Amino acid sequence: AKQLGKNNYQLYSFTRDITSYKKYILEKDMRKAIEKEEFEIYYQPQVATSTGVIQGAEALIRWNHEEWGMVSPGEFIPLAEENHLIHQIGDWVIENVCKQIRTWIDKGYTTRPISINVSPIRFMKKGLVEYVADLLTKYDVPAKYLELEITEGSLLKSEKNVLNTLDGLRDLGIKIAIDDFGTGFASLTYLREFNADTIKIDQVFVQNITEENKKDTAIISSVLHLAKGMDMKVIAEGVEEYEQLNFLKQKECDEIQGYLFSKPVSLDIFEQMLETGYIK
Ligand code: C2E
Ligand code: CA
Ligand code: CA
Ligand code: CA
């Protein structure tokens with residue numbers, strides 16, 4: 001038993017070293033990744049629950065690292081937030097999406113709004129409204145095609161500049177979605193104060209939809225009820241199974257996003273979806 005314990009310890013420290021080594025490399029390489037064009041945007045369709053027709057998509061960044069291959073944002077976004085490269089990376093995503101929307105308009109596709117994740121750190125920094133406004137002008141993109149996703153965490157610091165930024169974005173005509181709803185601490189007061197257009201129910205609730213799980217289904221039902229009263233759209237995230245889809249249909253959830261319809265896909269594949277309006 002003693003020996004096993006020792007081996008376990010060695011295995012643990014070995015794994016930890018690998019992890020911190022990877023972290024070190026990623027952090028170092030991140031500084032050059034934009035120049036080297038290693039970032040790429042994937043799109044995950046959001047579809048109407050009742051019809052399956054595409055209503056929009058979420059832009060999700062991918063990093064194609066020369067040695068590690070595809071690195072997930074769950075891995076490098078927290079690092080970028082620590083070392084503040086999130087500002088550059090986040091701004092790159094917004095510009096890339098605006099440029100892409102212009103291309104779709106030029107190609108004659110039925111363009112749908114694209115949601116972009118904005119880190120709380122970027123959201124709190126001054127100048128976001130001006131940055132976005134300049135890009136809309138530069139690429140001649142109507143503001144209705146952009147939605148910014150912010151988490152409850154960005155809203156918790158109910159500072160004046162958070163409210164000013166939200167107002168500024170809304171004045172431009174950009175939509176605001178509250179991401180990962182239910183996992184933070186946003187209260188009903190916040191919902192009223194921030195006037196978002198969309199609530200995205202976090203996947204933890206969606207994935208617990210089963211007949212036995214009365215608590216999570218009750219949470220979803222009340223979020224839907226509340227949102228309807230406040231004129232907000234609700235998107236359920238992480239829908240993987242028909243049982244979940246059927247429940248959300250029955251409760252009249254507006255849209256769903258999840259592997260059941262499509263994983264996040266590369267630009268090429270997403271363009272095929274846009275062309276037809278459906279997921280093939
Ligand atoms: P998120 O904003 O909550 O994005 C949803 C995540 O759930 C995505 O992971 C998506 O691939 C995944 N997902 C979608 N449908 C399903 C499903 O049916 N089942 C399961 N298990 N997962 C599903 P992804 O792309 O790995 O992104 C992870 C997180 O990284 C995002 O969570 C977001 O917080 C962050 N992120 C991604 N792109 C960006 C970006 O451009 N900027 C910033 N600031 N953050 C980003
Ligand atoms: Ca999101
Ligand atoms: Ca989310
Ligand atoms: Ca999340």
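Starting afresh in each chain, residues are numbered from 1 along the sequence in its written order. Each chain gets a letter, beginning with A, and each ligand a number, beginning with 1, in the order they are written. Local features in a predicted model are, by the rule used here, given only for residues with pLDDT of at least 70; side-chain atom pairs are given and counted only at 80 or more, and totals for whole chains, interfaces and linings are based on all residues. Only hydrogens and water are set aside when side-chain values are computed; all heavy atoms of the structure are taken into account.

As annotated in an unreviewed UniProt entry, the protein chain is Diguanylate cyclase (GGDEF)-like protein/PAS domain S-box-containing protein from Virgibacillus litoralis.

**Points about the coordination of the calcium ion (ligand 3)**
Definition in use: Any nitrogen, oxygen or sulfur atom within 2.8 Å of a metal ion counts as a donor, with the limit raised to 3.2 Å for Na, K and Ca, and since water is left out, coordination shells can look unfinished. For helices the rule is a DSSP run of H or I covering at least 4 residues; for strands it is a run of E covering at least 2, with both sets numbered from the N terminus onward.
Looking at the calcium ion (ligand 3), the protein donor atoms are Asp179 (OD), Asp180 (OD), Glu237 (OE) and Glu237 (OE), and they sit 2.2 to 2.6 Å from it. Sequence spacing among the residues donating to the calcium ion (ligand 3) works out to D-D-x56-E. Between the calcium ion (ligand 3) and the calcium ion (ligand 2), a separation of 3.9 Å is found, and both are coordinated by Asp179. Taken together, the positions of Asp180 in strand 6 (residues 175-181) and Glu237 in strand 8 (residues 233-237) put the pair 57 residues apart, joining distant regions of the chain.

**So, the nonpolar core**
Just so we agree on the cut-off: The definition of a nonpolar core used throughout is a set of buried Ala, Val, Leu, Ile, Met, Phe, Trp, Tyr and Cys residues joined through side-chain atoms within 4.5 Å. Buried residues are those whose accessible area, probed at 1.4 Å on protein chains only, stays under 20% of the maximum for their type, while exposed residues exceed 50% and partly exposed ones sit between those limits. Contacts are residue-level and defined by heavy atoms, with any inter-residue pair within 4.5 Å sufficient.
By size, the foremost hydrophobic cluster in this structure holds 77 residues, and its most contacted members are Tyr43, Val97, Ile114, Leu146, Leu169, Leu248 and Phe270. Per-element tally for this core: the top contributor is helix 3 (residues 86-107), with eight residues. Ignoring any residue separated from it by four or fewer positions in sequence, one finds Leu146 in contact with Val97, Cys98, Ile101, Ile114, Ile116, Val132, Leu136, Ile174 and Lys175.

**Considerations on helix 7 (residues 160-172)**
Residues spaced three or four apart along an α-helix point in a common direction, a consequence of the helix completing one turn every 3.6 residues. Note the cut-off: In this analysis, the expected span of each helix is defined as 1.5 Å times one less than the number of residues it contains. The directions considered for the arc run from the helix axis to the C-beta atoms.
Relative to the 18 Å expected for 13 residues at 1.5 Å per residue, helix 7 spans 18 Å between its end C-alpha atoms, a close match to the ideal helical length. Along helix 7, the residues classified as buried are Val162, Thr165, Leu166, Gly168 and Leu169. Taken down its axis, helix 7 places every buried residue within 160 degrees of arc, on the same side. Seen from the open side of helix 7, the exposed residues pointing more than 90 degrees away from its buried face are Lys160 and Asp171. The elements touched by buried residues of helix 7 are helix 4 (120-124), helix 5 (128-138), strand 5 (146-151), helix 6 (152-156), strand 6 and helix 8 (188-194). Gly173 sits one or two residues past helix 7 and shows a positive phi near 100 degrees.

**Some words on the coordination of the calcium ion (ligand 2)**
Around the calcium ion (ligand 2), the protein contributes the donor atoms Glu58 (OE), Asn117 (OD1), Glu149 (OE) and Asp179 (OD), which lie 2.1 to 2.3 Å from the metal centre. Between consecutive donor residues of the calcium ion (ligand 2), the sequence gaps follow E-x58-N-x31-E-x29-D. Glu149 gets classed as buried once you look at its relative accessible area, which sits at 1%. Asp179 sits in the buried class, given a relative accessible area of 6%.

**Brief notes about the pairing of strand 7 (residues 198-201)**
So the rule is basically this: Criterion used throughout: strands pair if DSSP finds at least two bridges between them.
Side chains Thr198 and Lys200 project from strand 7 onto one buried face, and the interleaved Ile199 and Ile201 project onto a second face that is buried too. Strand direction decides the pairing type here: strand 6 and strand 7, joined by three bridges, are parallel. Each residue of the ladder has a partner; that of Phe181, found in strand 7, is Ile201. Here four bridges tie strand 7 to strand 8, and the two strands are oriented parallel to one another. Bridge pairing in strand 8 places Ile199 opposite Val234.

**With respect to the packing of aromatic side chains**
Rules: For Phe, Tyr and Trp, where Trp contributes only its six-membered ring, two rings pair if their centres lie within 6.5 Å, and the inter-plane angle classes them as stacked under 30 degrees, edge-to-face over 60, or tilted in between. Put simply, a charge is over a ring when the Lys NZ or the Arg CZ is close to the ring centre, within 6 Å, and near the line of the ring normal, within 35 degrees.
Scanning all chains against the criterion turns up seven aromatic pairs. Summarising the aromatic geometry, the rings of Phe39 and Phe76 are spaced 5.6 Å apart at their centres and angled 35 degrees between planes, so their arrangement reads as tilted. One end of the pair, Phe39, is in strand 1 (residues 39-48); the other, Phe76, is in helix 2 (residues 73-82), with 37 residues separating them in the sequence. Between Tyr43 and Phe270, the ring centres sit 5.0 Å apart and the planes meet at 15 degrees, which makes this aromatic pair stacked. Placement of the pair is Tyr43 in strand 1 and Phe270 in helix 12 (residues 267-276), with a sequence separation of 227 residues. Here the two residues Tyr43 and Phe270 agree in accessibility, since each one is buried. Here the aromatic residues Phe39, Trp63, Phe76 and Trp92 are joined through ring pairs into a cluster of three or more. Sitting over the face of the ring of Tyr259, Lys263 holds its NZ or CZ atom 4.8 Å from the ring centroid.

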